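Per-entry structural report
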Amino acid sequence: MITIKRTLIKETIKEIEKKVKVCGWVQVIRSHGKILFIDLRDVSGIVQLVFGPEFEKDKLTQSIRPEWVIEIQGKVAKRPKGMLNPKHITGSIEIQVENAKILSKAKTLPFSIDDDGYEINEEKRLKYRYLDLRRKRLKKNLEIRQKTIQFMRDYLIKQEFIEIETPILTKSTPEGARDFLVPSRNQSGKFYALPQSPQQYKQLLQVAGIEKYFQIARCLRDEDPRGDRQAEHTQLDIEMAFVSQKEILDLIEELYISIIKKIFPEKKITKIPFTRMTYEKAMEKYKTDKPDLRRNKKDPDELAFAFITDFPMFEWHEKDKKWGAQHHPFTLPNFVSQNLGGQAKNIKEMKKNPKKILAFQYDFVLNGQEIGGGSIRNTDLEVLTAVFEVLGHKKQDIKKKFRNYFEAFSYGVPPHGGIASGIDRFLAVVLKEPSIREVIAFPKTGDNRDLMMDIPSEVTKEQLKELHIKLNQKSK
Ligand code: ASP
């Protein structure tokens, strides 16, 4: 075979009467007497290959099966009139094969990949995710995900935000879920935590003078299996200095309107500007803090965005008999609206009656689902200490536990705030997918197992020993 450069299938239509080399997976085989037709698929599309009578006795060609990986060289020819296939971009041409090479054989797939796959057992799909992803629907979802993320990046960078990566090996941050812990091999008995979010780092970046930070951040939370959740999810994480709540919400509103216009032009946004409503009003009117404000819930292309504001600072956890933070402890309590009068009085009142205190906290809601949340942060160390006290921390431990904050904030901290919006959930809603697993390349099951990689999995005795860990009898 003369070596020529590979042509992507979508480009073959520009090569009429020329010789090309194409590679890909065999999608469909049709035998018509002496002629064999194969639909070949690559990342860019599908093209029809024609193996003429000269291949009739060629054993290898005749043995080709679906999903084999092959490489062929041949001439691009216009299809005869009446044989056009408008379903494919290459439907007006075919390739008359001159040489064929088998690059890899394939067993029969465990399921069909020609349809949308919703009917197939999901565990099976996840076990063979690399095959499931050959499905057109999932490939399209991944492409749209990438486009959306790229749009977010470009949009924010144009507004002089800086994208900064924060560590994955970090310290426990109270975000309301359990941490995944990573034992330290070098420092016996010590642990890292995987980040529930970059919350502390993005705030410390404000002390560092970054002023406009963002990150497409992975957040890891060891949550109990609960509906459509994942142990890891991706957020568009934002933090800004010298900013008001209104400015943050305006930024998000403009960003999401632009995303919809550019990437999902078929969608209709119910109301612009987005509805902004207090938590109290939402609970009173809709009995939920994530109301579905679509005018017509049967219209699959309607998007009702809303911001819910002024959440209570604390919530009572009956199970543990203690107060928790509605969002997280770094949120600024809103004493102003309550007009309690004087910092000392405010703090006293907050400790006495945590339930009454509202916060500069907001959620971002789409069609009845929470797709984001954030707050203006508390930079007043006295108030921050009091918040931690309400949450049940002992005064003398607080400074030690949150030393990074207390120390950093004593070196000139700008007022700041931010928001994080969940990319998986947003995409699932706009793509009308029943679960966020449909927009994640390698999702885990509801109980956090990865069936393809077979994890979590056991490790060797030697590994445990190095990590200074002994399993108790039950967990062995
Ligand atoms: N870190 C918060 C979260 O993950 C978002 C924020 O307050 O910016 O929910």
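Residues numbered from 1 in each chain as written. Predicted model: local features only at pLDDT ≥ 70, side-chain atom pairs only at ≥ 80, totals over all residues. Heavy atoms only, no water.

This paragraph deals with the environment of Ile440. By the secondary structure assignment, Ile440 is in the loop between α13 (423–430) and α14 (461–466). On the basis of relative accessibility, which here comes to 14%, the residue Ile440 falls in the buried class. The residues contacting Ile440, other than those within four sequence positions of it, are Arg129, Leu142, Arg145, Gln230 and Asp424. (Helix = DSSP H or I, 4+ residues; strand = E, 2+ residues; numbered from the N terminus. Buried < 20%, exposed > 50% of the residue type's maximum accessible area, 1.4 Å probe, protein only. Contact = heavy atoms within 4.5 Å.)

This next bit is on the site of the ligand. Lining the immediate environment of the ligand, one finds 14 residues, of which Gln199, Lys202, His327, His328 and Arg377 sit closest. The separation between a nitrogen atom of the ligand and a polar side-chain atom of Ser197 is 3.1 Å. Between the ligand and His327, the relevant distance is 2.8 Å, taken from an oxygen atom to a side-chain nitrogen or oxygen of the residue. Computed on the free molecule, the ligand has an accessible area of 270 Å², of which 93% lies beneath the protein chains in the complex. Every element with two or more residues in the shell around the ligand is listed here: α5 (199–207), β20 (369–376) and β21 (416–422). Looking at which element gives the most residues to the shell around the ligand, the answer is β21, with three residues. Across the shell around the ligand, the residue classes break down as two nonpolar, eight polar and four charged. (Near = heavy atom within 4 Å. Polar contact = N/O pair within 3.5 Å; in protein donor to acceptor, adjacent residues only side chain to side chain. Areas by Shrake-Rupley, 256 points an atom, 1.4 Å probe, with all protein chains shown as cover. Nonpolar A, V, L, I, M, F, W, Y, C, P; charged D, E, K, R; others polar.)

Let's shift gears to the nonpolar core. The nonpolar side chains of soluble globular proteins are, as a tendency, buried together. Judged by nonpolar contacts, the single largest core of 45 residues is most densely connected at Ile238, Tyr256, Phe264, Phe305 and Phe426. Contributions of two or more residues to this core are made by α4 (136–158), β9 (212–220), β10 (232–241), α6 (245–263), β14 (305–309), β19 (361–366), β20 and α13. Residue contacts for Phe305: discarding those within four places in its chain leaves Tyr256, Ile260, Ile269, Phe274, Thr275, Phe364, Val365, Leu366, Ile371 and Phe426. One finds Ala325, Ile357, Leu391 and Tyr405 within the second-largest nonpolar core, a separate group that totals 24 residues. (Core = buried A, V, L, I, M, F, W, Y, C linked by side-chain atoms within 4.5 Å.)

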